[in-house]
Amino acid sequence: MSSYGNYGRTPNSSQNRPIAVSRLAPSNTTNTTMSGLFGSAATAASSATSTQGELSKDVQVANGPDDSISNLAFSPASDHLAVSSWDNKVRIYSIDQNGQSSPAAMLEHQGPALDCCWSKDGTKIFSVGADKAGRMLDLAAGHTDPSKAQQVAVHDQPIRSCAMATVGGSPVLVTGGWDKMIKYWDLRSDKPIGMLECKDRVYTMDVKDNMLVVGTAERWIHVINLVNPGASYKTIQSPLKWQTRVCTIFSPDANGYAVGSIEGRCAIQYVEEKDQGNNFSFKCHRQQSPTDRNMSNVYAVNAISFHPVHGTFSTSGADGTFHFWDKDAKHRLKGYPEVGGTIAATDFDRTGNIFAYAVSYDWSKGYQHNTAQYPNKIMLHPVIGDECKPRPKTTKR
């Protein structure tokens, strides 16, 4: 296999062209004024003057799930948000630039829904779950009801992760399960067109351009070049010492990935050997013990999301906080107050103007801590001013 150049984008690809959908039509608006983004320009300016962010403009999504949230995924082509949850459902919401939301569609599993993703053109929503099935709702056909969903994938164990990719010029659904298998599905067939056995159970997965990154149990990480999807391009153990929670590919330049673990650490990893000197890790989502200044309470890093324009990224954790970071400057841009519960999942919308986060139980303390009083909601945070912009680069004299 050739070097990392194969991971570049494919110019003029049809997958990047939005296709109109009956109810979920792609929006032509990719920019918004400050006054239209959950508040006024004056408030926006004042909130971006320090490294401590504020949550006063954040808006809750109406009619949220009835149980813990497993993932959030914004459409790449329209103003819609998909939410998978442990109540067996995947809900799709219409979101406007004022943060107002309304239900648009739904599909269901026969067990907890563990992940969801969109087709590249935003016309189809996919989900996977503990029922060992992958399902699809075709929004372009006007299907918004769970009864219209089709089963498009199957594993021998629960399916933890899914993502859409382009393999051989065709759209392919990629699924990863606790049976240690990665499977590639052409939606025209009920059989996988390819498979790859991982080192252990799949816990997390991400796709961008021709790169697929898979994090498994026992801290294994597989990097797969989708030009050759049946083989692992590189397999390593995570540089972090404890269980992997999330792996997310850099954006917009897919030349590496970030790893989050249960130990309150994040690692920045580049793929090619020539870039290994740029790898580093840092502590995050830790709090000093109120009773012992020499002790810290350590929380899991549950979610990492990259800004689609600036290339900066967020981390969110079991401490109930999220932060924005500049990996190139190795600098925290903004930190935010606790939101009242663990943050289980996050995502930026396609413009980078809205950051969604799920305040929901992450199961880190077992079933006995999942009480009826625990918050379970989706919040929309307006990204205003310099919140996610990287630090200005300085040149040495």
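The structure this text deals with has already been given above.
Fair warning: this is a prediction, and the values are worked out from it, not measured in the lab.

Before we move on, could you go through the pairing of strand 14 (residues 202-208) and cite the residues and values that matter?
Within strand 14, seven of the seven residues are buried, which leaves it mostly tucked inside the rest of the structure. Two elements, strand 14 and strand 15 (residues 211-216), share six bridges in a ladder whose sense is antiparallel. Each bridged residue has a counterpart across the sheet, and for valine 202 the counterpart in strand 15 is threonine 216. Here strand 14 hands over to strand 15 after two residues, with aspartate 209 in that stretch at a positive phi of 50 degrees.

Can you tell me about the packing of aromatic side chains, naming the residues and giving the values?
Applying the stated criterion to the full structure yields 18 aromatic pairs. Look at tryptophan 86 and tryptophan 363: their rings are 4.9 Å apart centre to centre, the planes differ by 35 degrees, and that puts the pair in the tilted class. Of this pair, tryptophan 86 sits in the loop between strand 3 (80-85) and strand 4 (89-95) while tryptophan 363 is found in the loop between strand 29 (354-359) and strand 30 (377-382), placing the two residues 277 residues apart along the sequence. Accessibility expressed as a relative area gives 31% for tryptophan 86, which makes it partly exposed. The class for tryptophan 363 is partly exposed, based on a relative accessible area of 28%. Taken together, the ring pairs connect Phe250, Tyr270, Phe280, Phe282, Phe306, Phe313 and Trp325 into an aromatic cluster. Just above the ring of tryptophan 220 sits the side chain of lysine 199; from NZ or CZ to the centre is 4.7 Å.

Thresholds, definitions, all that
- Sequence order sets the numbering: in each chain, residues are counted from 1 along the sequence as written.
- This being a predicted model, a pLDDT of at least 70 is required before a residue's local features are given, and a value of 80 or more before pairs of side-chain atoms are given or counted; all residues contribute to the totals for chains, interfaces and linings.
- Side-chain figures throughout are based on the complete set of non-hydrogen atoms in the structure, without hydrogens or water.
- Burial classes: relative accessible area under 20% of the type maximum marks a residue as buried, over 50% as exposed, and values in between as partly exposed (1.4 Å probe, protein chains only).
- A run of H or I in DSSP counts as a helix once it spans at least four residues, and a run of E counts as a strand once it spans at least two, with each numbered from the N terminus.
- Being paired, for any two strands, means DSSP has found at least two bridges between them.
- Pairing of aromatic rings covers Phe, Tyr and the six-membered ring of Trp, with a centre-to-centre limit of 6.5 Å; geometry is then stacked below 30 degrees between planes, edge-to-face above 60, and tilted otherwise.
- Charges are assigned to positions over rings by a cutoff of 6 Å between ring centre and Lys NZ or Arg CZ, combined with an angular limit of 35 degrees from the ring normal.

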